[in-house]
Amino acid sequence: MRRDVFQAIADPTRRAIIALIAMQAMTPNALAEHFDTTRQAVSKHLKILTECELVRQEHQGREIYYSLEVQKMKEIDEWMEQYRKIWETRFEQLGEVLKVMKKLKK
Amino acid sequence: MEFIVDKATKTVSITTEFNAERDLVWDAYTKPELLDQWWAPKPWASRTKVMEFRVGGRRFYAMVSPDGQQRWSIQEYKSITPKTNFKLFNAFADADENPELPGSDWDLNFSEQDGKTKVHISIYNESLERLERMVAMGFKEGIAATHEHLKELLAKLSRANETKQ
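Just so we're clear, the structure is a prediction, and the values are computed from it rather than from any experiment.

J.: Can you help me understand the packing of helix 2 (residues 12–23) of chain A against helix 4 (residues 39–51) of chain A in this one?
T.: In helix packing, the relevant descriptors are the interaxial angle and the interaxial distance, both defined with respect to the helix axes. Residue and element names in this part refer to chain A. Close contact between helix 2 and helix 4 brings their axes to 10 Å; oriented N to C, the two are set at 75°. The orientation of helix 2 with respect to helix 4, classified from their angle, is roughly perpendicular. Contacts between helix 2 and helix 4 pair Thr-13, Arg-14 and Ile-17 from the former with His-45, Leu-46, Ile-48 and Leu-49 from the latter. Looking at side-chain class alone, the contact of helix 2 with helix 4 contains four nonpolar, two polar and one charged residues.

J.: What's the story with the environment of B:Phe60 in this structure? I'm lost.
T.: All names here are of chain B. Structurally, Phe-60 is set in strand 4 (residues 58–64). Between the C-alpha atom of Phe-60 and that of Ala-93, which follows or precedes it by 33 residues, the distance is 8.8 Å. When sequence neighbours within four positions are dropped, the list of residues in contact with Phe-60 reads Lys-49, Val-50, Ile-74 and Glu-97.

J.: Even after reading the chapter, I still don't get helix 2 of chain A, so can you show me in this structure?
T.: Given 3.6 residues per turn, any residue in an α-helix points the same way as the ones three and four places further on. Residue and element names in this part refer to chain A. For helix 2, which comprises twelve residues, the first-to-last C-alpha distance of 17 Å matches the rise-based estimate of 16 Å (1.5 Å per residue) to within 8%. Listed in full, the buried residues belonging to helix 2 are Arg-14, Ile-17, Ile-18 and Ile-21. Burial along helix 2 is one-sided: seen end-on, the buried residues are contained in an arc of 100°. For helix 2, the exposed residues set more than 90 degrees away from the buried face come down to Pro-12 and Met-23.

J.: Explain the sheet that holds strand 5 (residues 70–81) of chain B here, please?
T.: Hydrogen bonds between backbone groups are what pair the strands of a sheet, and the pairing can be parallel or antiparallel. Residues and elements named next belong to chain B. On the basis of which strands lie adjacent, the open sheet formed by eight strands has the order 1-2-8-7-6-5-4-3 and antiparallel pairing. The open sheet has two edge strands, strand 1 (2–6) and strand 3 (45–51), and neither has a second partner. On average, each strand axis in the sheet is tilted by 20° relative to the strand beside it, whichever way the strands run. Along the sheet, helix 1 (residues 22–30) contacts strand 2 (11–18), strand 7 (99–113) and strand 8 (116–125); its crossing angle with strand 7, the most-contacted strand, is approximately 165°.

What counts, and at which threshold
- Residues numbered from 1 in each chain as written.
- Chains lettered and ligands numbered in written order.
- Predicted model: local features only at pLDDT ≥ 70, side-chain atom pairs only at ≥ 80, totals over all residues.
- Axes fitted to C-alpha atoms, helices over the stretch in contact; angles between N-to-C directions.
- Helix = DSSP H or I, 4+ residues; strand = E, 2+ residues; numbered from the N terminus.
- Parallel < 35°, antiparallel > 145°, perpendicular 65-115°, else oblique.
- Contact = placed C-beta atoms within 7 Å.
- Nonpolar A, V, L, I, M, F, W, Y, C, P; charged D, E, K, R; others polar.
- Expected span 1.5 Å × (residues − 1).
- Buried ≥ 20, exposed ≤ 12 C-beta atoms within 10 Å, placed from the backbone.
- Arc of directions from axis to C-beta.
- Pairing = 2+ DSSP bridges.

Structure follows, in structure tokens:
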């Protein structure tokens, strides 16, 4: 099931997990030590993040290490910010056009 | 400008206010010669090839980059309540006017108070991927993926989420 990336980052624990694994790849156990939740809860969050393709898993022996898909995070940031900017620029330009139209009307 | 991405309803909503009466703002949105003056964020230019502002009519236009690249789109008008509201279906297209689906549904509202006009636009997208593409369309600028940047990004995303809750 492919989830919505915004759902992934809507949760504060998941945002904290992202910040932690951005520094280095970590196992669910190591991650759980940073939170007041169970390992199961952390695993559930990791599952959602994986489904959103925000994290990737790497097997090393018996352990699974999770690391961040930085590219995916960059993409989310870019489109949100750029889309907002497009509209901002557009409206600035419209403001100028309206000024001219007002003058012409007088 | 207020800009809210609501993922639950797959809608981007944009609200802004102009220091001009509604008639002027309405014209700026519905007349091709005016639209082309502001629709494309600089340095891109908007060039409307065809525009029939009536229900069932369409605007076929290109965003033209400084080096001459053209990105075509079609906007089909679904309903019009003069000076108050219009709805359109927006889709990317090729130069021969073949739409690339899925597109997005736009709802534009205009209201005036004390000589100022408020414009509220809501854009419904069937898929996030489409929204991503909309932006990938030549407006990207490089962003370094440093950890510092990531922290800022998370703070921002978290604020964006709070805004819409």
